[in-house]
Each structure stands twice: as structure tokens, then as C-alpha cells.
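# Chain and residue survey
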Protein chains: 2
Amino acid sequence: MKTERKWDTLASDTRQRMEAAARYIGPGKQVKKEDTVALLKSVIRSFDRVNIEGNNQKQADFLADCLLQVDPAEINNLHMVQSCVPLASHLDMFEKGIAKRLDFAFGGPQAARVAKFIREGKIELGAIHTYLELFGRYFLDLTPRVSLICAYEADREGNLYTGFNTEDTPVIVEATKFRQGIVIAQVNKIVDKLPRVDIPAGWVDAVIESPKPFFIEPLFTRDPGLVTDNHILLAMMALKGIYGEYKVKRLNHGIGFLTSAIELILPTYGEELGLKGECCTHMVLNPHPTMIPAIEAGWVDTIHCFGGELGMEEYVRARSDVFFTGPDGSLRSNRAFAQTAGHYALDMFIGGTLQIDKFGNSSTATANRVAGFGGAPNMGCDSKGRRHVTDSWLKCGQEVPNMHDLIGDMPRGKRLVVQGVETFGEARAPSFVDKLDAWKLAENAKLDLPPVMIYGDDVTHIITEDGIAYLNRAPNMDVRMAAIRAVAGYTEIGLAEDPAETKRLREAKIFQTPEDLGIDRSRANRDLLAARSMRDLVDISGGLYNPPTRFRNW
Amino acid sequence: MKTERKWDTLASDTRQRMEAAARYIGPGKQVKKEDTVALLKSVIRSFDRVNIEGNNQKQADFLADCLLQVDPAEINNLHMVQSCVPLASHLDMFEKGIAKRLDFAFGGPQAARVAKFIREGKIELGAIHTYLELFGRYFLDLTPRVSLICAYEADREGNLYTGFNTEDTPVIVEATKFRQGIVIAQVNKIVDKLPRVDIPAGWVDAVIESPKPFFIEPLFTRDPGLVTDNHILLAMMALKGIYGEYKVKRLNHGIGFLTSAIELILPTYGEELGLKGECCTHMVLNPHPTMIPAIEAGWVDTIHCFGGELGMEEYVRARSDVFFTGPDGSLRSNRAFAQTAGHYALDMFIGGTLQIDKFGNSSTATANRVAGFGGAPNMGCDSKGRRHVTDSWLKCGQEVPNMHDLIGDMPRGKRLVVQGVETFGEARAPSFVDKLDAWKLAENAKLDLPPVMIYGDDVTHIITEDGIAYLNRAPNMDVRMAAIRAVAGYTEIGLAEDPAETKRLREAKIFQTPEDLGIDRSRANRDLLAARSMRDLVDISGGLYNPPTRFRNW
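Small disclaimer: the values here were computed from a predicted structure and weren't measured.

## Re the domain arrangement of chain A
All names here are of chain A. As far as domains go, chain A holds domain 1 (9-216) and domain 2 (224-534). Listed per partner, the contact involves 35 residues of domain 1 and 39 residues of domain 2. Together, the buried faces of domain 1 and domain 2 total about 2,700 Å²; carbon and sulfur atoms form 58% of this surface. For the domain 1 face of the interface with domain 2, the top three residues by lost area are Leu 132, Phe 164 and Arg 196, together amounting to 26%. Between domain 1 and domain 2 we count 4 salt bridges in total. A salt bridge links Glu 167 to Arg 335, with the shortest nitrogen-to-oxygen separation between them at 3.4 Å. Between domain 1 and domain 2 we count 23 residue pairs in polar contact (both at pLDDT 80 or more) in total. Secondary-structure elements contributing two or more residues to the side of domain 1 that touches domain 2 are helix 5 (111-119), strand 5 (124-128), helix 6 (131-138) and helix 7 (169-177). The greatest single-element share of the side of domain 1 that touches domain 2, amounting to 6 residues, is contributed by helix 5. Across the side of domain 1 that touches domain 2, the residue classes break down as 19 nonpolar, 11 polar and 5 charged.

The following block contains the structure:
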């Protein structure tokens, strides 16, 4: 049975590559920035799986630019396996033919170009993932051969400090380095002593001090000045009809203005409802500036972060009882572990979407943009491996009338997955549609399945200005669809509503209007916000929050 | 709104504790073994959340023994948050009143004592988790205040080498240390230079060279000599009726003899079926010795491991193309990332159970044993956040006739979750029951819900000696229950079978007998095994596999 097969081909191939690269690598694994392109040429081969670090925040942009300078006649058909492709250079790689295949989680500003390149055959799309799913595949069938990562600092041995924006670095490096891969880091600075070691030198093959600090974007900053009365109405409904109803302690907030509005009325309306200590005590969340008032008012016990948020460095450092920080005082973010907590430890995920179909499936995809969903599918699904019980999870499951069809007489809880939308979104586009644009995208971009962000059987509640659909209480698909029609306002879906049916749904508490919930619409205005401007946030933080320039509007 | 609240109480409390401990901690964070109890007294306070590392393999046993020596009048009511409690000392802690509350994932040999202590009020049970769920909670609401971990070696600065059995160490240390907690490591040896750094010194507060190496158990070693003809019949059905039918490439194997039998007939029956290269190319799996013949025959591309397995060290080192190994050559296991891959990257989980109820819910719980389920719920559920498509996942979902009730016209795949059991198990106990013993356990141990290992709506296939129930093809609960009766043999559940109904199920391919699958029962014997003994495994490994003494039966 024994063959003469070699069993260390990866290791010996890596040795050969590193020998070719040796001339560029000095003591402490340091490489001169002007040698970076040559280094990449030595260690990367056509058809390699390559990861360029970059989530929706920090970016290994210098290394991406350098990879773009290799000759596509020499290096081509790379298979990019990485969280995000938000930089132009990420797509230019495909334009030039250096890269060919793509597996990722989020497209950001390049979403339209991704779709176009797929149609034109410049990108062969593997799949769109949720982050934790992609990280899981790094350890099985999508392990990077070479990873180009970024860190704040390296020391003279090659240890790395990733600090506030640790984010994806540890999971990328571990998957790559422990399968004989090659790890190259760009750092903002090489120093004598690091504040702390985040990545041991032995896990890194080369370090380059980049010509300028890595690109980083404040993606989770929402200016309270832009919160509208409608956002506040939805936020009030969420707090009274869901947070209070289910006593939700452990949750994540999505990225939109609805959740900012919720954050900003916790210390006002939330306090009035008696929810302090009962709700929002534990969160998996980037350091949202709009959480400052609630944190200062003592609502929050713990926040674990996927990544950092520009301007929140000093605030987080001064609030180590709440945030995870290192012995050096700076935040330790970690997307892999935050998403793990996000999947298994949260009782609720609440966020927005672009479209919801008549069955409750939702997506942010449009016909010509391959956007991806980031962490939403991971947190916005029922985590079926979960076995611990909390009151809110149990109540949500106990309300499901047709659990018997699934698991007989066995009781089970269910995660609250809440979608909050105004019935008409940007440019008056309806949020409720007969068929998701995701179907058209699947056709245009040759995807195996329409890219659904959250499937209908995972959504438990939909909030609009019309009220809340308690989909978890619907006994079957017909009632579920009726409840969706009830919250769908003047969209085509909503216009198909049968008033008699909606009345029955109200009585059964499967649909509730703001009035049913005892919410006074006239109070839904900006007076309810604990902070009404960026300046307020700075003041409430005691000057610890330092917003990026573009948010400094006072 | 600003309060005079202090925001660094955790950090200052930790400082105080470490000042009290300073007299015991020498250069390189070293503590003399005889000072360990005093050290623990200095850094642990009553009501602390404490983690003692130990999964079903390596154990921080010396530190557990030392903690047991503190005076319960001084330190009591500890809240233990840890993967497993397999050692007597773990339970003695509750007996003596040092510990009070328990959140864990797996009980192992102490399962009966856990149940007894709960009844007697000596343990307040938080919950039984699946590993990744518990790890997630470490970053949210169950963060350890003090963690007692184990490693092979430390260097003179306090860096740790966890090597082959890295297992849970990184996730425990990260959660603890970055929320101002205290990390204490027992190591087998302090050395000048580590083979590699797994945990940076800055993440560790104290290091003790323990009087003897940590306890470790070969839990995943199955002697091929104990594989029966019945196991082989089930294995043949699995290969032809499921692996081959769905072309399953990416999977995990549970711990029982069924999956060992499958592993051992891959190079014989599997090859005959033409499945080489089509199935079992990527696995998340401990280094099972019974995988050696299939690996040597070239079946496997990649294996990522939760932990190590005694005796497999040299084999793994020599097969770095297959296993994840460090630059030093030794395995890098990592339970958190392996379970992440297990949840999101696998198309199939196949394992055994003790009981299956008439609805398809299954559990290994009995009335008086709180055993826990380890990784099974995490891998043995439909991972609903998954968005990438593989053929086997898509086919399994497309066969679900009632998907419309869940998500309307939206197509979706489904993970294959296979339970393989003989209709009567140990001591002739029926594997199919009207009601799971888990209900009695819930009552006896005051659990909120019966501890179900895999819920009925997640199980897609059940294999017994009678055939395969393709539950994913059942249009509703009635048909699902009929398919379960069809495979349930002479158990009470099976005796309720209606032959006419079973005939219809066979025609609809919702139930298939071995004969329907074209399997010749007479070939189900040990001649089909690629290795028939431990000695065979050693030979096939070219002498690289070195079984523990108790398995050396030649």
C-alpha cells in the first residue's frame, strides 16, 4: 500500500521560495520597502492562493500596491482568498490578469466592479461568505499560500503589534504559517520595543516598514445630527416591543442609523422603560461612538470588538472595565473571536437591509453589485448548535407555534433576528419586493444561488414605521406572509394587505402597531436623543473621543 | 450625565492581586512548584470565574490539584468556566465547597458525579455547551478572571510552547488576559529555547514547572481488532448510500467504531466504488490512527486538528502536506479554529449517539449522567450562516421537499448530518426510544431544557443495520417519523412500523435497505479492512505511528 509519494512538498516548495527571497531579507526579517516588489516576485507563484489583509477597516494597502506591480506574464491566475476587496488595487489585480479567482466576504465600494468583472470573465467567483465562514475555510480548503498582512509596529526580531486594530490578523497568520505558507507584514513603524506582542516573530517571514501608515476607515461612525424622527420612532418600537418584551441582554447592532438611534435613546427612553440593567448589558460591537452616552450612563458591562474605530482609541483605553484591552492599555479587537461570540453568545442581532421579499428573505444585493454581507449571516441566523438557555432566547423559541413540525415535542429556543427598515429606502426604493434583486444578480454574475443576507426562517421580527411583525409567532408561511404585508406600508407588497386579516394579526400579537405597543408617535423626535451631534459625543466622553476630521462639523 | 464611576476596577484589582503574588514570582515569571498553592491563594478570590484548562486530551492537572488545596473558608463559590471536567479533582473542588457554579461542554468520566452534585446542590449548573459556544461566551459573559493552563515548555522569558496539543490554550489565554485577567501556566519543562512560540510571554503572568508532565489521554484511538462485521455493514452503507450519493469531500468523523470502520474501508471498498478523490479529501479531525491507511493511499488532501492524539506525533510530523504543522515540524492543533471550520466549512458530520427519539432528536444523555456533547452540536447542525455552495450541500438541500414552508421560493443547501447506530446498543439497550432519557436528566438535574445533542430538524440521515433513512427527503413530520420507524429494527419504535408505508418509503427513496443500495451483506466482514490490528496500523505508517502501551497488543 505504501507509495513513494513525497509528503513534504509544501514545506520544500516554501524553502525554495524563501531561499530565492533571502537576498532581500535582512536581520529581524526586515525588507527594504524598495525591495518589496522583488520580494513578492520571489515568494509568489502563479495559481497561488493569496490573502491581502484588509477588512472594512485597516488595509495592507502598500503590499497590495506592490503586488500590482508584478508582471502578469510571470505571476498570474492568483486565487485571492480574503475578507474584503474595498480598494481599487484589489480589483486592478484582476483587470491586469495577475489574479483570476476570488473568495471573499465583503466588497464595499468595489461591489459594482466585482459584478462587472464577473460578467466579463475577469473574476471567477468562488463564493461570497460571512467572515467566520471564510476563516473556517482557511483551515480546510482555502488556506492561503502567501498572506500579506498589516500591523502597527514590528520590533527588531519581527514580533508584531496589531493593537487596536488586531482584527483579522491572527486568524490569517495562523492558517497560513501553520500550513507551510509565507507571511509578509507591512508595518507603520519598526521600533525597539513593542507595547505588546500580538503575533510572535516565528509566525512571520518578512517585515516591511511601509512608506506611509496603512489605510484605515471609520466605517462605524454615525453622526447623531443625521438621525431622523423616523429612525427614532423605529428605535422606540424596537426598545419597547422587542428589547423590553424579550429582555435582551446580549446583542449586536448592525451598521445603520436605526441602531445608532437605539443607542442614543437608551439613556432617555430606555431608562424611562426601566430597561437599564435588563437590556444591552453585553455586546459584540465595534467601538461605536454613538454608544458613548449609554456606556457613560452605566448600561454596559462588556463589549468585545471585531475591529477598532478611528477616534475611539483613548476612550476605549480609559474604559478597560467595558472593553477588552491588553496589558499595554490598547484595545484587543479580534474578528474571529468576536464573530464566534456573535454566533453563539448573542440573543439578538438587529440590523437593516435593502430589500425583504414577501417570504421574509432579505438581501443587500442589487442586480449589478456583488456587495457581500460581512458578519450579518453569521449573527443574523438561528445558531442551531447553541445549547445554553437565556430567557430571551427561550421566550422567542417558545412563541414559535409550529416547532412541532421540526422537532416534535422537544422544546427549544431561538435567536431574535430583527430587521429594521423604513418601507421606502433611499431614492424612494421600496424595501419590500416580490422578488429580491439578488435573483437578477445571481443570473448576471453566474452565482449558484441568489445571495441572501438573512433567510426568512431566521428572521424573527421586522420593524417598520407601520409597526412590528412578530414572524416567530406565525404558525405557517401564509400567516408569515400576511404579517410581512402588514408592515410593508405603501409598497406593492403592503398594498396587497387584507385589513381584516391584519386585524386578526393584531389581536394575535403577530403584528403590532406603535399604538398597540403604547408608543406616542409625537415623542419620536430628536429631543429624545442623549447626544444630538458629534460635539455632544465628544463632550459626553469627557474629551476622550477624538472624531476624524471629516466628522468635526462644529 | 457623567458619573464619578471608576472604569478600571478590573485592572486595579488585578494589580493588587499580582502585587500580593509578586513574592512568589521570579525572573521569567517562574514560580517554584512548592509555592503554587500560595500563588493561587494570592490571585484567586471567592466568586471568581476560573478556567482550568483541560479538554478531553491534555489537562492542567497539577494546577487543579493545587487549587484543591486552598482553604474553602478563604476561597469559595468559584464559578468554573471550562471545556471539560474529566478529572476527579475537578469535582472534588465542588465537594469541598471551593467551587459552586459550573459552565462546561463535556463531563467524560465524571458525568455521573456532575449529575449527583447538581441534585445535591453542590453544583449550580450554568449550562452544557458545545465547545465553540463556550469559547464565544469567554468573550462576552463568561470571561475567566483567572485561567490555569498547560503547555509543554516555557522559555526563560515566559513564552510558551503548546505544540502538538495546542488545543484550547490560545482561546482561553486571549479571553482571559485581554480582559485584565490572570494567566498561570504549568509546563512540563523550562528550557532555554522553545521549538516555536505559541503563546507570547506578555500574555502569561506566571509559569510553574510541574513535578510531572501533564496528564493526557489517547481518546481517539480505535483498535481495528475491535471493528465488527456489523460496523463494516454500516460503513459500507454509509460509503455507498451517502458518501458516494452526495460526493462528500469535506467532513468530520465522530469518535465511535462506525467511523473507524469507514476510515478502514476507504482504501478497499471506497476505492472499489471509485470514491478516491471524490470523497474525504478535506477533514476536520483529530489525528485518528485509523486514518493512516487512507492517508497513505493518497485519499486525503488536508486535515486540521482540534487536538493531538498520543502516538501520532512522528507520523504527523512526517506528513506535513496533510496536517497543519509549525515551522518546527510539530502539529499545530487549535480547537477554536478547528470547530470554526467544523461549523462552516464541512459538508457532513457523521457520528453515533446513544438514543434517538421518534422525531429524530438524539442524545447521549442518560437519566443520571450529565455527559455533555463536546463538538457534536456545533458540527452536527445545519450551519445557517453558511453562504458558499458545494455540490453535496446543495443536493442535500434540494432534496428537502418542504423548503417552501421555511423560505418560500428561495433555494438553499443543507449540511448532511448523519447518525449511525445499531438498533440495539450496549447491554441490548434500544437506540430508538419513545422519549429520550434526556427528559429525565433535565428533571433530575434541574436543567431548563432536555440536553439534546442533535435536534431532529438537523439530522438528515440515520443509518442502522436495517438501512438508511433519508430524513431530508421527508416532506413532513409524519413521513419523517415513518422513516425512523423503518430503520428502528426490533425496538419498540421499530415494531410500530407499517410494512405498506415502508414499501412506499423505499419507492420514494426516503428509506433504503442495504439490498436497495446494491450492497452484498455477505461482504460485510473484516476482510474488507485495510488494517485489522494496531500492528497493521504501525506497519502501514512505516513505523511512524507509536501506539500507547495499552494498545500494544502484539
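Following the structure, the description resumes.
## Describing the nonpolar core
Counting 126 residues, the largest nonpolar core has Leu 160, Phe 432 and Ile 462 of chain A together with Leu 160, Phe 432 and Ile 462 of chain B as the members making the most contacts within it. The leading source of residues in this core is helix 17 (residues 477-487) of chain A, at 6 residues. Apart from the residues lying within four places of it in its own chain, the contact partners of Ile 462 of chain A are Ile 356, Gln 419, Phe 432, Gly 467, Ile 468, Ala 469, Leu 471, Ile 484 and Val 487 of chain A. Listed in part, the 64 residues of the second largest apolar core include Phe 117, Cys 150, Leu 441 and Ala 442 of chain A.

## Side note on the interface of chain A and chain B
Listed per partner, the contact involves 111 residues of chain A and 111 residues of chain B. Overall, the association of chain A and chain B removes approximately 9,400 Å² of surface from exposure, summing both partners, and the carbon and sulfur fraction of that is 61%. When residues of chain A are sorted by the area they lose upon contact with chain B, Trp 7, Leu 140 and Arg 387 of chain A head the list and together hold 10% of the total. Counting every contact that joins chain A to chain B gives 12 salt bridges. Across the salt bridge formed by Glu 174 of chain A and Arg 332 of chain B, the nearest N and O atoms sit 2.9 Å from each other. Linking chain A to chain B there are 47 residue pairs in polar contact (both at pLDDT 80 or more). Of the residues contributing to the side of chain A that touches chain B, the split by class is 54 nonpolar, 27 polar and 30 charged.

Rules used in this analysis
Residues numbered from 1 in each chain as written. Chains lettered and ligands numbered in written order. Predicted model: local features only at pLDDT ≥ 70, side-chain atom pairs only at ≥ 80, totals over all residues. Heavy atoms only, no water. Domains from an automatic or database assignment. Contact = heavy atoms within 4.5 Å. Buried area = accessible area lost by both parts, 1.4 Å probe. Salt bridge = Lys/Arg side-chain N within 4 Å of Asp/Glu carboxyl O. Polar contact = N/O pair within 3.5 Å; in protein donor to acceptor, adjacent residues only side chain to side chain. Helix = DSSP H or I, 4+ residues; strand = E, 2+ residues; numbered from the N terminus. Nonpolar A, V, L, I, M, F, W, Y, C, P; charged D, E, K, R; others polar. Core = buried A, V, L, I, M, F, W, Y, C linked by side-chain atoms within 4.5 Å. Buried < 20%, exposed > 50% of the residue type's maximum accessible area, 1.4 Å probe, protein only.

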